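Coordinate analysis (summary)
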Amino acid sequence: MKTSSTPLFRRILSASVMLVLAGQACTLSLFQNPINTTPSTPIPGVTVPAPTPQPVAQTNFVVTLPEPLGPNEKLVISVMDEVTGLSLNAVQYPMSARDSLTYTAVLPLPFNSVVKYRYVRMGAAQVLEDTSLNAGIRYRMVFVAGPADVQDIIADWGDKSYSRPNGTILGQVFNSDTGSPLPNMLVSAGGVQSITDSTGKFELIGLPAGTQNLIVYSLDGRYQTFQQGAAVAPGNVTTVDLRVKAVPFVNITFIASVPAATVPGVPVRIAGNILQLGNTFADLQGGVSTNTDRMPIMSLQPDGKYSVTIGLPAGTHIQYKYTLGDGYWNAEHKLDGQWNLREFTVPAQDTTLNDSIASWSAGDSSPILFEVTVPSVTPPGDIIYMQFNTFGWMEPVPMWPLGNNHWAYKLYSPLNVLGSFSYRYCRNGQCGSADDVQTVGAAPVGRQASTSLVSQDIQDSISAWKWFENPEPVTLVGAAITPRAANFMAGIEFQSTYRPNWSYYAPQAFANVQALGANNVILTPSWTYTNVSPLSFAPVTGRDPLWIDSAIMISQARALNLNVSVFPTPNFPASSNPSAQPSAGFWQSAPRDAQWWQAWFTRYRAFAINYADLAAQSGSQTLILGGDWTTPALPGGKLPDGSPSNVPAEAEAQWKSILADVRTHFKGQLLWALPYTKSSLEAPLTFLQDVDGIYLLWSASLSTNPSATKTDFANEAGRLLDNEVAPLATLLNKPITLAIAYPSATGAANGCIANGQGGCFDWTALNRPNGDMEVVSLSLQTQADIYEAILNAVNTRPWIAGFVSRGYYPPASLQDKSASIHSKPAADILWYWFPRLLGIVK
């Protein structure tokens, strides 16, 4: 229903928002250090009314094309705005031809800034440049230290591929003062990007031969930007050691006056170009890069202004804007309707900036007020989000809580570009997973709205949440539980999928794990395989947590007295076959010759050492290596289809060497994740003697009889443990931790979730945010029965050293078909068993 907004309602909305948001402002930012979001008065130091215009340097760009432009085509250089969205507020400058393959343009760029740009071929359509490996270029980077020439080479266009000589830059980044290697640094050349690992190493492959502009950029500004030319020779590797200098942080107090029409008390955030200001350096939904949940939130002052003090790196060029949403939705505008992207260079002393926000609106359309009433079963800690669809579904933004299951959000901008648009509601920002039943999945039609010159009040009611329609309780059956030794692992393993806004919900997820009585949380940070040959395996922003993200999460878990295990897990290119293991396509397409295998073991070693360093430096107790995906790389390895993997004969020595290297970086407990399969249990893996225990990945069939009972499940689990697992424990003389994954779906007990085509889904195919598999039937009780049965089997086998539930979905409660037990009946089973196994409850 739509009505015009009344003055009385607006007064009620203002009062309600102020009451509900009071006291919350300090909890809404991911980065608590060096950010201080408490109300503050201006700090001593220099006070300026607003950022002043930046001095500029004339920068001459010279680019070489792979072939001449076609008729009626022209070349532009597109300067990107990562705060608003790379493609949403870019400024394009035409380039002039020096000859048929060489083009130039001189741009006045802010001094001391790091400018992000790329080349675009303009004709019947816009065509973006990409790399020689056919990967899209997010942007190139140049550090503007003064007037300069920038030489670039375009490797490829998005609609064409070229065969040309290329090479690789391989290097390390160090702190110039201490000599220590630096992780989490962004290294870029020729539009190819890499994030350094714990040893500071990076690799840029597929670069066109010639001189490339190599730049090292600190995502949080803690180190000075480094830039130099790097010669890339055809077919060769250019090796470089790069040293960057740490910079001091100063306190910057932002004070903002908001437009008079702003609803008092609503959260005002700062979106900006560095990590502390919500930049994820990733391609998020709809083309944005900033995330609301990672931005600092400002505090309302008695005079009606908003204020926040943030520690920022001196000398860093900052781009920022104030927003009631993210960098695109409800961000500030100039009076003429243009985006307002502010900028300044952080001074060497504490400083106060006084800004005035001209408008939240753009164009003549009036703001739209959205109100929604949510079901009473909505978990009390959940936050309701709105997601808008213009040219695709964008990143969700949080609504304003009014209490009594009532939420509101006022959309000011950019209504001038919308017309008719779609929107929907979801929980905890997990649109596509924790949805309103009316708008389910990744690509729903959505609810409909249109802009108007007249103010609108759109009132909605959500009848139910998908996968949380009517939360099912469970009947607990008492058992005589034998307490275990103090080192028994009662754990919850988080699923390996990652999204940048998940970090915001990690503290609540850890609290939920603690409430189950668990003593261990297993985190599964990842790297991504982006190319099979030549092999590329490294962190990818947006898909893999950054070093700082993982370190913060470990710190949060440790603060709740949870032990932390780090179980690094890779991401693979998307597969069209959900019945296959995620790694199956990768292994089948790999050349698997001697040279490729050497590269694979080199990259796995770097992967393992990276997370050994993370575990050591963060105080984690356990590191878990291996996993079912490594099976082809083990001695006598087999591909998922059973054929030989052609792994080198020295594979055993490779693994022993990797484990020895890991031991020099991490002194805690080292486990090996071994899949429960007949071949895995029988394989003569001598290197397992070099680990401290086995983390057994268990999804075994417990019965093929659809009428089987919990007793039947328990008996079969006991038989398998006694006949197949106990001999392994005896042979290795190593403790065994049972890590189980059973979806809450019909067929889970027989180890096969039927795919409707005579095969079985891989259990991870049911994980969120994957789409629903409609051929699979939900059965929460089946999962709960399996858990209770296996726990009963474990209870009578004291040689089992731990029990772990795999696949936990951290950001939201969902009673879906996945293996996650978050808010499912199986969680109640663990809530009963874990404290008793640990001797906390007698």
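Conventions adopted
- Per-chain numbering applies: the sequence of each chain, read as written, is numbered from 1 onward.
- Since the coordinates come from a predicted model, pLDDT governs what is reported: local features require at least 70, and pairs of side-chain atoms require 80 or more to be given and counted, while whole-chain, interface and lining totals use all residues.
- To obtain the side-chain values, all non-hydrogen atoms of the structure were used and water was disregarded.
- Between Lys or Arg on one side and Asp or Glu on the other, a salt bridge is scored when a side-chain nitrogen of the former is within 4 Å of a carboxyl oxygen of the latter.
- Only protein chains enter the area calculation, which uses a 1.4 Å probe; residues under 20% of their type maximum are buried, those over 50% are exposed, and those in between are partly exposed.
- Secondary structure is summarised from DSSP: a helix means a run of H or I of at least four residues, a strand means a run of E of at least two, and numbering begins at the N terminus for each.
- The criterion used for residue contact is that any of the two residues' heavy atoms lie within 4.5 Å.
- As used in this record, nonpolar core signifies buried Ala, Val, Leu, Ile, Met, Phe, Trp, Tyr and Cys residues forming a set joined through side-chain atoms within 4.5 Å.
- Being paired, for any two strands, means DSSP has found at least two bridges between them.
- Here an axis means a line fitted to C-alpha atoms, over the contact stretch when the element is a helix, while the angle between two N-to-C directions is reported on a 0 to 180 degree scale.
- Here the angle decides the label: under 35 degrees means roughly parallel, over 145 means roughly antiparallel, 65 to 115 means roughly perpendicular, and every other value means oblique.
- What makes a crossing left-handed is the near helix being turned counterclockwise from the far one by less than a right angle; a clockwise turn instead makes it right-handed.
- Just so you know the grouping, Ala, Val, Leu, Ile, Met, Phe, Trp, Tyr, Cys and Pro go in nonpolar, Asp, Glu, Lys and Arg go in charged, and all remaining residues, Gly too, go in polar.
- In summary, the charge assignment counts Lys and Arg as positive and Asp and Glu as negative, without counting His or the chain termini.
- Each polar contact in these results corresponds to two N or O atoms within 3.5 Å; when the atoms are within protein, one needs to be able to donate a hydrogen and the other to accept it, and residues that are neighboring in sequence are counted only if both atoms are side-chain atoms.
- What pLDDT conveys is the predictor's confidence in a given residue, as a value from 0 to 100.
- We call a pair of cysteine sulfur atoms a disulfide whenever their separation is within 2.5 Å.
- Each helix should span, by expectation, one fewer than its residue count multiplied by 1.5 Å.
- Only Phe, Tyr and Trp rings take part, Trp by its six-membered ring, and two of them pair if their centres are within 6.5 Å. Stacked means planes under 30 degrees apart, edge-to-face means over 60, and tilted covers everything else.
- Either the NZ atom of lysine or the CZ atom of arginine qualifies as a charge over a ring when it sits within 6 Å of the ring centre and within 35 degrees of the ring normal.
- For crossovers, right-handed means that the path from the first strand over the helix to the second runs clockwise, given strands pointing away from the viewer.

**Let's talk about the pattern of salt bridges**
A side chain of one charge can pair with a side chain of the opposite charge if their charged atoms are brought near each other. Across all of its chains, the model carries 27 salt bridges by this definition. Linking R222 and D220 is a salt bridge whose minimum nitrogen-to-oxygen distance equals 2.9 Å. Note on R222: relative accessible area 32%, which makes it partly exposed. Residue classification places D220 among the buried residues on the basis of a relative accessible area of 11%. Among the charged side chains, a salt-bridge network with shared partners connects E82, K116, R138 and D283.

**Quick notes on the side chain of Q654**
Structurally, Q654 can be placed in helix α6 (residues 651-665). With sequence-adjacent residues up to four places away left out, Q654 is seen in contact with Q598, F601 and R605.

**Quick word on the nonpolar core**
With 113 residues, the main nonpolar core has W600, W698 and I790 as its most contacted residues. Looking at this core, the element that brings in the most residues is helix α5 (residues 594-618), giving 12 residues. Membership of the second largest hydrophobic core comes to 77 residues, among which are I195, L219, F254 and I357.

**A word on the sheet that holds strand β14 (residues 166-175)**
Across the sheet, which stays open at both edges, the 3 strands sit in the order β17-β14-β20 with mixed pairing between neighbours. Each edge of the open sheet is held by one strand with a lone partner, namely β17 (201-208) and β20 (237-244). The mean angle between the axes of side-by-side strands here comes to 25 degrees, regardless of whether they run parallel or antiparallel. As judged from the 8 bridges shared by β14 and β20, these two strands associate in the parallel manner. Within β20, the residue paired with F174 across the bridge is R243.

**As for the sheet that holds strand β16 (residues 192-195)**
Read from one edge to the other, the open sheet built from 4 strands follows the order β16-β15-β18-β19, with strand pairing classed as antiparallel. Each edge of the open sheet carries a strand with a single partner, namely β16 and β19 (226-232). Direction aside, the axes of adjacent strands within the sheet are offset by 25 degrees on average. When strand β15 (residues 185-189) meets β16, the two strands line up antiparallel, connected through 4 bridges. Across the sheet, S188 pairs through a bridge with Q193, a residue of β16.

**Looking at the packing of helix α8 (residues 710-732) against helix α9 (residues 780-795)**
Where α8 contacts α9, the two axes come as close as 8 Å, and the packing angle between them is 45 degrees. Here α9 runs oblique to α8, going by the angle between their axes. Two packed elements cross with a definite hand, and for α8 against α9 that hand is right-handed. Listed contacts from α9 to K710, F713, A714, A717, G718 and L721 of α8 are D785, I786, E788, A789, I790 and A793. The class makeup of the residues in the contact of α8 with α9 is 8 nonpolar, 1 polar and 3 charged.

**A closer look at the environment of V216**
Examined against the element boundaries, V216 turns out to sit in strand β18 (residues 210-218). According to the relative accessible area criterion, V216 is buried, its value standing at 0%. V216 sits 28 residues away from S188 along the chain, and the two C-alpha atoms are 6.6 Å apart. Those residues in contact with V216, other than ones at most four positions away along the chain, are V173, M185, L186, V187, Q224, T225, F226, L242 and V244.

**Topic: the side chain of E395**
The topology assignment puts E395 in the loop between β29 (384-389) and β30 (397-398). At 7.3 Å, R499 is the nearest oppositely charged side chain to E395, a buried residue that forms no salt bridge. A polar contact is formed between the side chain of E395 and the backbone nitrogen of Q285, at a distance of 3.1 Å. Every residue in contact with E395, bar those within four places of it in the chain, is listed here: L284, Q285, V288, N291, D326 and W329.

**Re the packing of α5 against α6**
For any two helices packed against each other, one specifies the inter-axial angle together with the distance between the axes. Viewed as axis vectors pointing N to C, α5 and α6 meet at an angle of 25 degrees, and their least axial separation amounts to 9 Å. Taken together, α5 and α6 sit at an angle that is classed as roughly parallel. The handedness of the crossing between α5 and α6 comes out as right-handed. Listed contacts from α6 to Q598, W600, F601, Y604, R605, A608, I609, A612, D613 and A616 of α5 are A651, Q654, W655, S657, I658, D661, V662 and H665. Among the residues making up the contact of α5 with α6, the classes are represented as 11 nonpolar, 4 polar and 3 charged.

**Some words on the confidence of the model for the chain**
Residues with a pLDDT of 70 or more make up 93% of the chain, whose mean pLDDT is 92. Segment residues 1-44: pLDDT under 50, and 107 contacts once partners within four positions in sequence are set aside and those in other chains are kept.

**Some words on the state of the cysteines**
Where two cysteines share a covalent bond between their sulfur atoms, that bond is called a disulfide. On inspection of all chains with the given rule, the structure shows 2 disulfides. With a sulfur-sulfur separation of 2.0 Å, C426 is cross-linked through a disulfide to C431. Between C426 and C431 the disulfide shows an S-S torsion of about -70 degrees. By sign, it is left-handed. According to the relative accessible area criterion, C431 is buried, its value standing at 14%. One disulfide in the model links C752 with C760; its S-S distance is 1.8 Å. Sign of the S-S torsion, about -95 degrees for the bond between C752 and C760, identifies this disulfide as left-handed. By relative accessible area, which is 21% here, C752 ends up partly exposed. Owing to a relative accessible area of 31%, C760 belongs among the partly exposed residues under this scheme. Here the cysteine-cysteine linkages of the chain are recorded as 1-2, 3-4, numbering only bonded cysteines and doing so in sequence order.

**Details of helix α3 (residues 547-559)**
With 13 residues, α3 extends 18 Å from end C-alpha to end C-alpha; this agrees with the ideal 18 Å at 1.5 Å per step. Here α3 has its buried residues at W547, D549, S550, I552, M553, I554, Q556 and A557. Contacts made by the buried residues of α3 are with α2 (502-515), β37 (520-523), β40 (563-566) and α5.

**Comments concerning the packing of aromatic side chains**
All chains considered together, the criterion is met by 55 aromatic pairs. When the ring of Y320 is compared with that of Y322, the centres are 5.7 Å apart and the planes differ by 90 degrees; the resulting orientation is edge-to-face. Classification of Y320 by relative accessible area gives buried; the value is 0%. Above the ring of F468, the side-chain terminus of R427 is found at 5.0 Å from the ring centroid. We note K466 situated over the ring of W467; from NZ or CZ to the ring centre the distance is 4.5 Å.

**Topic: the environment of D722**
Within the secondary structure, D722 sits in helix α8. A relative accessible area of 35% means that D722 is categorised as partly exposed. Taking the C-alpha atoms as reference, D722 lies 43 Å from G441; in sequence the two are 281 residues apart.

**As for the environment of A515**
Along the chain, A515 falls in helix α2. A relative accessible area of 52% places A515 in the exposed class.

**Some remarks on the pairing of strand β45 (residues 736-740)**
Buried residues dominate β45, accounting for 5 of its 5 residues. Burial along β45 is two-sided: the residues I736, L738 and I740 and T737 and A739 are all buried. Pairing geometry for strand β44 (residues 693-698) and β45, over 5 bridges, is parallel. Note that in β45 the partner of Y695 across the bridge is T737. A crossover connection joins β44 to the parallel β45 through α8; in handedness this β-α-β unit is right-handed.

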